[in-house]
Amino acid sequence: NISAQSTKMQLVKPTGGEIDGSAVLVQPGAFALDTEVTIEKGTAAEGSTTILNSDESDSLSLTSAEAAGNPIIVETSDGQDPVKPLTLSLPFDGAALFLDAEDFATLLILYKYKDKENEGSFKLGVISRDKIEIKDGALHFETLKLGIYQAIQTPRVVNRVIEEVS
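Keep in mind it's a predicted model, so treat the numbers as computed, not measured. (Residues numbered from 1 in each chain as written. Predicted model: local features only at pLDDT ≥ 70, side-chain atom pairs only at ≥ 80, totals over all residues. Heavy atoms only, no water.)

Enquirer: Can you lay out the overall build of the protein for me, pointing to particular residues and giving the numbers?
Expert: Looking only at helices and strands, one finds 1 helix and 14 strands in the protein. Here the protein, with 166 residues, has 43% of them falling under the buried criterion. Sequence-distant contacts in the protein: of pairs separated by 6 or more residues, those separated by 24 or more amount to 74%. Of the accessible surface of the protein, which amounts to about 9,000 Å², a share of 48% is contributed by carbon and sulfur atoms. (Helix = DSSP H or I, 4+ residues; strand = E, 2+ residues; numbered from the N terminus. Buried < 20%, exposed > 50% of the residue type's maximum accessible area, 1.4 Å probe, protein only. Contact = heavy atoms within 4.5 Å. Areas by Shrake-Rupley, 256 points an atom, 1.4 Å probe, with all protein chains shown as cover.)

Enquirer: Give a detailed account of the nonpolar core, specifying residues and quantitative values.
Expert: Ranked by internal contacts, the top residues of the largest apolar core, which has 27 residues, are Val24, Phe31, Leu86, Ile109 and Tyr149. Within the residue set of this core, elements represented by two or more residues are β2 (23–26), β3 (37–41), β7 (72–76), β8 (86–91), β9 (107–114), β12 (138–143) and β13 (148–153). Per-element tally for this core: the top contributor is β9, with 4 residues. If sequence neighbours within four positions are ignored, Phe31 has contacts with Ile2, Ala4, Val26, Val37, Thr76, Gln80, Asp81, Pro82, Val83, Leu86 and Leu146. With 5 residues, the next largest nonpolar core counts Leu108, Leu110, Val126 and Ile152 among its residues. (Core = buried A, V, L, I, M, F, W, Y, C linked by side-chain atoms within 4.5 Å.)

Enquirer: Residues and numbers for the pairing of β12, please.
Expert: Extensive coverage of β12 is indicated by the burial of 5 of its 6 residues. In this sheet, β12 lies alongside β8 in antiparallel orientation, the contact comprising 6 bridges. Within β12, the residue paired with Leu88 across the bridge is Phe141. Inspection of the sheet shows strand β11 (residues 133–135) paired to β12 by 3 bridges, in the antiparallel sense. (Pairing = 2+ DSSP bridges.)

Enquirer: Can you break down unusual backbone geometry residue by residue, with the values?
Expert: Phi is positive for Asp136, close to 55°, though the residue is something other than glycine. Among the structural elements, Asp136 can be located in the loop between β11 and β12.

Enquirer: Please set out the environment of Ile148 residue by residue, giving values where relevant.
Expert: Mapped onto the elements, Ile148 comes out in strand β13. Residues Ile148 and Leu110, spaced 38 residues apart in sequence, show a C-alpha to C-alpha distance of 8.0 Å.

Enquirer: Before we move on, can you summarise the side chain of Ser22 with the specific residues and values?
Expert: Looking at the element boundaries, Ser22 is found in the loop between β1 (10–12) and β2. Given a relative accessible area of 1%, Ser22 falls into the buried group. Only 2.8 Å separates the side chain of Ser22 from the backbone oxygen of Ile19, close enough to count as a polar contact. Dropping the residues within four chain positions of it, Ser22 is found in contact with Val12, Lys13, Pro14, Ile39, Ile72, Ser89 and Pro91. (Polar contact = N/O pair within 3.5 Å; in protein donor to acceptor, adjacent residues only side chain to side chain.)

Enquirer: Residue-level account of the sheet that holds β2, with values.
Expert: The strands making up a sheet associate through hydrogen bonds between their backbones, and the pairing can be parallel or antiparallel. The 5 strands lie next to each other as β1-β2-β8-β12-β11, forming an open sheet whose pairing is antiparallel. Each having just a single partner strand, β1 and β11 make up the two edges of the open sheet. If you compare each strand with its neighbour and ignore which way they point, the axes differ by 25° on average. (Axes fitted to C-alpha atoms, helices over the stretch in contact; angles between N-to-C directions.)

Don't take any of this as a statement about function, it's just geometry.
See below:
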């Protein structure tokens with residue numbers, strides 16, 4: 001359980017399995033009300049999102065991306081979103097994926113979450129490489145949304161991204 005009144009960082013981890021190494025770090029005041037945060041293995045987020053490079057004519061679609069880790073689902077028991085960013089960690093083993101330092105430049109985090117403004121819709125997008133830290137066998141990044149997250153690798157470096165409603 002996450003206490004909304006806690007003055008300390010709170011850590012949520014799954015209990016073993018394929019997503020062992022995943023974590024959510026909750027900063028003090030991140031949630032308005034006490035809640036339970038869960039991390040589970042998910043299924044790949046699908047959609048028609050286009051990932052843009054610096055030149056829109058040089059765009060990539062998600063169909064050209066490859067999974068670079070298992071998808072996870074991060075949720076709260078009451079559906080509330082955080083009011084301050086959470087730090088998510090996804091397990092990552094570049095050597096097992098045969099990635100070298102050059103390949104790390106093509107890593108992104110794909111996400112999908114419920115669009116609360118358009119009932120029944122989802123938002124799909126990517127977190128760009130410059131917002132991802134690779135450290136201690138994991139990819140770390142901040143987010144204000146809860147949903148599905150997965151590391152992906154694109155064939156080329158991506159400089160600009162967009163988010164779509166699906």
